[in-house]
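Understanding the architecture of this molecule
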Amino acid sequence: MQASWMILASLFFSMMGVCIKFASAHFHTFELVFFRGLIGIIFIITVCRMQGVSLRTPIPMMHVWRSVVGVTSLAAWFYAIAHLPLATAMTLNYMSGIWVAVFLVGGTLVMGKLQDATRQGPIVLTVIAGFGGVILLLRPTIEQDQLFAGIVGLLSGLIAALAYMQVAALGRLNEPEARTVFYFSVGTTVVGAVLMMVAGVSPWMWPSALWLLPIGLLAALGQLCMTKAYSRGSTLVVANLQYSGIVFGALFGLMLFGDQIPLMGWLGIALIMASGIASTVLRNRALPRAPAEEH
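Residues numbered from 1 in each chain as written. Predicted model: local features only at pLDDT ≥ 70, side-chain atom pairs only at ≥ 80, totals over all residues. Heavy atoms only, no water.

**Considerations on the overall build of the protein**
Scanning the protein for helices and strands turns up twelve helices and zero strands. Counting from the amino terminus, the protein carries its helices and strands in the arrangement α-α-α-α-α-α-α-α-α-α-α-α. Taken against the 2.2 N^0.38 rule, which gives 19 Å for 295 residues, the C-alpha radius of gyration of the protein at 19 Å falls within 12% of a compact globule. Over its C-alpha atoms, taken along the principal directions, the protein stretches across nearly 60 × 50 × 35 Å. Of all 295 residues assigned to the protein, the portion counted as buried reaches 51%. Contacts spanning at least 24 positions in sequence make up 89% of the contacts within the protein whose residues lie at least 6 apart. Looking at the protein as shown, the accessible area adds up to about 13,900 Å², and 72% of this sits on carbon and sulfur atoms. For the protein, the distance from the average position of its 15 positive side-chain charges to the average position of its 9 negative side-chain charges is 10 Å. (Helix = DSSP H or I, 4+ residues; strand = E, 2+ residues; numbered from the N terminus. Rg over C-alpha atoms; globule rule 2.2 N^0.38 Å. Buried < 20%, exposed > 50% of the residue type's maximum accessible area, 1.4 Å probe, protein only. Contact = heavy atoms within 4.5 Å. Areas by Shrake-Rupley, 256 points an atom, 1.4 Å probe, with all protein chains shown as cover. Lys, Arg positive; Asp, Glu negative; His and termini not counted. Charge placed at Lys NZ, Arg CZ, Asp CG, Glu CD.)

**Some words on the state of the cysteines**
Applying the stated rule across the entire model yields zero disulfides. With no disulfide of its own, Cys 19 has Cys 225 as its nearest cysteine by sulfur position, at a separation of 16 Å. Between Cys 225, a cysteine without a disulfide, and Cys 48, which holds the nearest cysteine sulfur, the sulfur-to-sulfur distance is 15 Å. (Disulfide = S-S within 2.5 Å.)

**Focus: the packing of helix α1 (residues 2-23) against helix α11 (residues 244-256)**
In the contact formed by α1 and α11, the axes pass within 8 Å of each other and the chain directions differ by 40 degrees. Comparing the axis directions of α1 and α11 gives the class oblique. Where α1 crosses over α11, the two elements pack in a sense that is right-handed. Seen from α1, the contacting residues are Ile 7, Ser 10, Leu 11, Ser 14, Met 15 and Val 18; seen from α11, they are Ser 244, Gly 245, Phe 248, Gly 249, Phe 252 and Leu 256. Considering only residue class, the contact of α1 with α11 consists of seven nonpolar, five polar and no charged. (Axes fitted to C-alpha atoms, helices over the stretch in contact; angles between N-to-C directions. Parallel < 35°, antiparallel > 145°, perpendicular 65-115°, else oblique. Left-handed = near helix turned anticlockwise from the far one by under 90°. Nonpolar A, V, L, I, M, F, W, Y, C, P; charged D, E, K, R; others polar.)

**Brief notes about the layout of surface pockets**
When its volume is computed, the largest pocket comes out at roughly 1,600 Å³. Among the secondary structure elements, those contributing two or more residues to the lining of the largest pocket are α1, α2 (29-51), α3 (60-83), α4 (86-93), α6 (114-138), α7 (147-172), α9 (212-232) and α11. In terms of residues, the lining of the largest pocket owes the most to one element, α1, which gives nine residues. Of the residues that constitute the lining of the largest pocket, the class distribution is 29 nonpolar, 15 polar and five charged. As a volume, the second largest pocket reaches approximately 180 Å³. The wall of the second largest pocket is formed by Ile 7, Asn 240, Leu 241, Tyr 243, Ser 244, Val 247, Phe 248, Leu 251, Ile 272, Met 273, Gly 276 and Ile 277. The class makeup of the residues in the lining of the second largest pocket is nine nonpolar, three polar and no charged. (1 Å grid on protein atoms, 1.4 Å probe; cavity = no way out; pocket = protein on both sides within 12 Å on 5 of 7 lines; lining within 4 Å. Points joined across faces, edges and corners; volume = space filled by probe spheres on them.)

Next up, the structure:
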């Protein structure tokens, strides 16, 4: 199920990206962040009530940390998008999978468990192969005067990896997924509201404002599925399967916006899909599970 949850999350996030592309003609980025969080809060409260999940948590500081790193990563990514070619910003952010692998294997080695680190090796290679597919598909470039933005984009991926690790840690403590998504949505809303006060508010035009609703709902659904994947599955496998979002995005661009995918791009898609399948198969055969990935 971990594969299904992450692939479904990637699909929801890609659909959200399509809606953002349409809505961005009428609302600036900070408004989209705010309404994404606000609508997500309303949706998640409804989910919690239906599931009988209390919003009170015994570990509030873990949620604060998850929100801080998550929103920081989001802000860094938006900065990179504004100052770098989109493909480059996307590639740097999707390096989060590589950073997750570094953190997990590095942590295992620090604990002196060389055998467990060796057992993780083949899955780490699939993560690297998947990222290679991302590079083939997006073909990122960077100019000399974009170095600072490139560093910010690189940090967005690193900080995102910390956020995913925190989600996995919350899952190990049996924190309900809906509650985790709720507190992240609160953090997103607060930051979006503060930035809106600086940037101002765009005039509402109907029916353009209706794009805000699917953005918030798809973001919340994507966060729920992503949280389930990281809470219940192998962190390395889930990090690799996250690259499927790039594939969905490319296909949506092809079908809806007339974007062209060259031969190298199709090879990248094939490599991403093959690495995702390989990581899932390898993880299912790996026994016992590595301590750093027990959920």
